[in-house]
Amino acid sequence: MNHPARTCEISEPKAVAIATVDELRERIRRKSRLKGRQADDVSINEVRALIGAKPAEGHRRDLLIEHLHKLNDAYRCLHDRHLAALGKEMSVPLAEVYEVATFYHHFEVVRGDGKAPGVTIRVCDGLACELAGAQGLLARLPALLGDADARVIAAPCIGRCEQAPAVVVHQCPVPFATPDAVVSALKSGLQHEERGFSAINFVASDHAEKSIPGEPLGATPGHTTYEMYRASGGYALAARLAKGEDDIERITQAMEDSGLRGLGGAGFPAGRKWRIVRSQSAPRVMAVNIDEGEPGTFKDRTYSERDPHRFLEGMLIAAQVVGIDACYIYLRDEYHGCREMFEREIAKLQADPPCHLPLIELRRGAGAYICGEESAMIESIEGKRGVPRKRPPYIAEVGLFGRPTLAHNFETLYWVRDIVEKGPQWFGSFGRNGRQGLRSFSVSGRVKQPGVKLAPAGITVQELIDEYCGGMLDGHHFYAYLPGGASGGILPASLNTIPLDFDTLQSYGCFIGSAAVIILGHQDKARDAALNVMKFFEHESCGQCTPCRVGTAKAARLMQAPVWDAQTLTDIADVMGDASICGLGQAAPNPIRCVHQYFAQEVGATS
């Protein structure tokens with residue numbers, strides 16, 4: 001193609017300056033700055049003072065929650081500047097640090113120059129404490145404290161139901177709390193629970209078919225120390241097994257023959273679980289649940305306060321049988337005294353080991369009931385939000401840090417030594433009404449003598465009240481009971497002859513779970529108990545799945561009406577039970593169904 005010839009010379013375009021050199025440099029500097037809150041040197045140094053300098057390989061990601069606790073303990077809150085510094089030190093995005101910090105109830109994030117109150121007073125409003133007057137305490141305490149730098153808040157069950165109403169002043173429990181007792185505890189200036197250090201040789205099996213001794217008012221029980229436990233034959237079984245002087249198969253068979261089932265609530269046979277995890281490829285780990293967040297449950301706290309080493313030896317035996325390299329103990333944050341005692345006694349064990357020990361790490365919960373669910377507990381141990389995992393895979397195959405994981409409740413491991421040494425027939429020799437074994441019942445509510453009752457499996461609630469609890473509290477007649485804590489349903493007193501054990505309550509719309517038995521009197525209403533536990537579930541839902549997150553909140557609102565909308569509540573219950581990811585949402589509707597079935601006169605139910 002021919003182009004026309006140029007008729008004129010085209011001049012070169014002139015350069016036009018759009019910025020000076022200094023302006024361009026400033027623009028580059030602005031763009032190179034990171035967006036969002038950045039860590040300042042003061043905050044970084046304060047964080048390093050608590051968590052230590054960064055190791056050459058970097059801080060472990062799974063210790064995020066432990067580091068948050070150190071900050072929260074030191075400053076009584078989590079300043080956002082410290083979160084930014086912690087994220088920088090751990091090489092964790094600030095958004096991730098923030099989402100973990102805001103997930104757990106015991107962490108309070110404070111922005112900017114905001115300040116946390118000098119002391120937080122937590123008044124338990126769980127069912128047992130509500131029956132004992134918790135709402136009155138919540139109403140009266142703010143006025144009594146006046147201008148004190150203290151904040152009074154309601155708290156979900158703190159695991160002291162036999163001491164109701166229970167209050168925690170910072171980290172100091174106040175059992176059988178009165179307004180004067182709380183004010184006195186505040187004025188005393190105590191920062192932590194003061195535990196007794198007296199050495200006792202506590203043997204739980206000596207109390208079979210009896211009540212476990214309670215704590216003296218205003219004091220704490222002594223416990224079996226490492227020295228006393230060793231002097232009484234403790235850790236001999238673990239040592240023999242480590243030396244090859246005892247047989248792994250014999251011990252596994254003893255566990256199976258005893259009929260011991262998981263005592264955290266699920267009831268899976270312990271010996272069978274050991275075989276399943278042992279069949280998986282190494283390395284394997286163990287996660288022990290002492291979160292004990294089910295309202296009405298306090299048995300694990302009661303045993304651990306008195307004899308931590310019987311549990312620790314059971315853990316070591318299970319670790320050797322299954323081939324475990326590392327054990328992680330997840331202890332609920334409300335048990336401050338137990339934590340200090342465990343830290344001290346585990347240090348003694350590690351300093352003078354009776355045999356080769358696996359890695360043992362004590363991890364601290366942060367106030368989240370959902371972490372009692374085994375996969376949520378594993379997420380929390382990994383330093384994440386405690387959100388249940390979808391299954392499969394099951395944690396026995398892919399669990400903590402992606403390894404096959406043996407998950408156990410504290411009490412399950414507590415009985416291992418006794419079963420192996422005394423024989424499976426000893427454990428199985430207890431029982432009533434066709435059931436076998438021992439059960440530790442946490443009994444609270446309208447009875448004269450609440451506490452942990454080590455009773456035969458299959459005992460009825462009426463036998464439990466009459467033989468172990470000294471009968472009903474004066475002025476109260478037996479009206480109803482919760483056989484398995486908040487999630488186990490509610491039954492009328494007329495059904496007082498059902499054997500309390502695994503697999504005996506399902507046909508009544510209930511289950512025994514962790515054997516937390518809460519007794520209601522004739523002045524109480526089942527509908528009020530159901531509303532109390534539904535509010536608890538609403539507060540504790542992790543929010544991952546809509547049926548649970550929305551269902552618990554809507555159910556709690558509907559249950560406050562004088563007359564319940566039976567059809568809508570039934571629909572909500574069905575959706576929650578069918579579509580929730582984990583047991584919280586699946587079991588939360590049980591109280592609704594039980595009130596409709598057994599206490600319809602209380603709610604004037606309409607369809």
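As the structure is a prediction and not an experimental result, all values here were calculated from the model.

Helix and strand counts for the protein chain stand at 26 helices and 16 strands. Here the protein chain has a C-alpha radius of gyration of 28 Å; the compact-globule value for 607 residues is 25 Å, and the two agree. For the C-alpha atoms alone, the extent of the protein chain along its principal axes is close to 115 × 65 × 65 Å. Nonlocal contacts in the protein chain, meaning residues at least 24 apart in sequence, comprise 72% of its contacts between residues at least 6 apart. As presented, the protein chain carries roughly 25,600 Å² of accessible surface, and 51% of it is formed by carbon and sulfur atoms. For the protein chain, the distance from the average site of its 68 positive side-chain charges to the average site of its 74 negative ones is 4 Å.

Within a sheet, each strand pairs with its neighbour through backbone hydrogen bonds, oriented either parallel or antiparallel. Strand order in this open sheet of six strands is β7-β13-β12-β16-β14-β15, and the pairing throughout is mixed. Looking at strand neighbours, the two that pair on one side only are β7 (210-211) and β15 (491-492), the edges of this open sheet. The pairing of β7 with strand β13 (residues 451-456) spans two bridges and is classified as antiparallel. Residue pairing for β13: Lys 210 is matched across the bridge by Leu 454.

One number sums up the size of the largest pocket: a volume of about 1,400 Å³. In terms of lining residues, the largest pocket is bounded by 49 residues, among which Gly 264, Gly 265, Ala 266, Gly 372 and Glu 374 are the most central. Those elements that provide at least two residues to the lining of the largest pocket are α12 (270-278), α13 (299-306), α16 (374-381), β11 (405-409) and α24 (583-587). Within the lining of the largest pocket, the residues separate by chemical class into 19 nonpolar, 19 polar and eleven charged.

For the rest of this paragraph, the subject is empty space enclosed by the protein. In this structure the tally under the stated criterion is three cavities of 30 Å³ or more. Lining the largest cavity are 16 residues; nearest its centre among them are Arg 332, Glu 334, Gly 367, Ala 368 and Tyr 369. Within this model, the second largest cavity holds a volume of roughly 70 Å³. Around the second largest cavity sit 13 residues that line it, and Ile 370, Cys 542, Cys 545, Cys 548 and Cys 582 are the ones nearest its centre. Considered class by class, the residues forming the lining of the second largest cavity number eight nonpolar, five polar and no charged.

Right, let's talk about the packing of aromatic side chains for a bit. Applying the stated criterion across every chain, the model contains 20 aromatic pairs. Taken together, a centroid distance of 6.3 Å and an interplanar angle of 45° make the contact between Trp 415 and Trp 426 tilted. Taken as a pair, Trp 415 in the loop between α17 (410-414) and α18 (416-422) and Trp 426 in helix α19 (residues 424-428) lie far apart in primary sequence, eleven residues in all. Each member of the pair, Trp 415 as well as Trp 426, carries the same accessibility label: buried. A centroid spacing of 5.7 Å and a plane angle of 65° characterise the contact between Phe 536 and Phe 537, whose relative ring orientation is edge-to-face. For the pair Phe 536 and Phe 537, a shared accessibility class is recorded, and that class is buried. Taken together, Tyr 303, Phe 311, Phe 342, Phe 410, Tyr 414, Trp 415, Trp 426, Phe 427 and Phe 430 form an aromatic cluster joined through their ring pairs. A cation over a ring is seen here: Arg 332 above Tyr 335, with NZ or CZ 5.4 Å from the ring centre.

This brings us to the pairing of β11. Within β11, five of the five residues are buried, which leaves it mostly tucked inside the rest of the structure. Alternating positions in β11 separate into two faces, Thr 405, Ala 407 and Asn 409 on one and Leu 406 and His 408 on the other, with burial throughout. Pairing of strand β8 (residues 284-290) with β11 involves five bridges; the strand directions are parallel. Bridged to Val 288 within β11 is His 408.

Time to look at helix α7 (residues 134-145). Because an α-helix packs 3.6 residues into every turn, residues spaced three or four apart end up facing the same way. The end-to-end C-alpha separation of α7 is 16 Å, in line with the 16 Å expected for twelve residues at 1.5 Å each. Of all the residues in α7, the buried ones are Ala 134, Leu 137, Leu 138, Leu 141 and Leu 145. One side of α7 holds all its buried residues, which, seen down the axis, span an arc of 100°. Residues of α7 that are exposed and angled more than 90 degrees away from the buried face: Ala 139 and Ala 143. On the buried face of α7, the contacting elements are β3 (119-124), α6 (127-131), β4 (150-155), β5 (167-169) and α8 (179-188). Phi for Gly 146, located one or two positions after α7, is positive at around 60°.

Pairing within the open sheet is parallel, and its four strands lie in the order β10-β9-β8-β11. The open sheet has two free edges, formed respectively by β10 (359-364) and β11, since each of these has just one partner strand. Strand-to-strand, the axes of this sheet are offset by a mean angle of 20°, without reference to chain direction. Summarising the sheet, β8 and strand β9 (residues 324-331) pair through seven bridges and their orientation is parallel. Opposite Arg 284, over in β9, you have Ile 324 as the bridge partner. Helix-sheet contacts for α12 involve β8 and β11, and the interaxial angle to β11 is about 160°. Together, β8, β9, β10 and β11 form the strand contacts of helix α14 (residues 308-322), whose direction differs from that of β9 by roughly 145°.

Analysis parameters
- Residues numbered from 1 in each chain as written.
- Predicted model: local features only at pLDDT ≥ 70, side-chain atom pairs only at ≥ 80, totals over all residues.
- Heavy atoms only, no water.
- Helix = DSSP H or I, 4+ residues; strand = E, 2+ residues; numbered from the N terminus.
- Rg over C-alpha atoms; globule rule 2.2 N^0.38 Å.
- Contact = heavy atoms within 4.5 Å.
- Areas by Shrake-Rupley, 256 points an atom, 1.4 Å probe, with all protein chains shown as cover.
- Lys, Arg positive; Asp, Glu negative; His and termini not counted.
- Charge placed at Lys NZ, Arg CZ, Asp CG, Glu CD.
- Pairing = 2+ DSSP bridges.
- 1 Å grid on protein atoms, 1.4 Å probe; cavity = no way out; pocket = protein on both sides within 12 Å on 5 of 7 lines; lining within 4 Å.
- Points joined across faces, edges and corners; volume = space filled by probe spheres on them.
- Nonpolar A, V, L, I, M, F, W, Y, C, P; charged D, E, K, R; others polar.
- Phe/Tyr/Trp six-rings, centres within 6.5 Å; stacked < 30°, edge-to-face > 60°.
- Buried < 20%, exposed > 50% of the residue type's maximum accessible area, 1.4 Å probe, protein only.
- Lys NZ or Arg CZ within 6 Å of the ring centre and 35° of its normal.
- Expected span 1.5 Å × (residues − 1).
- Arc of directions from axis to C-beta.
- Axes fitted to C-alpha atoms, helices over the stretch in contact; angles between N-to-C directions.

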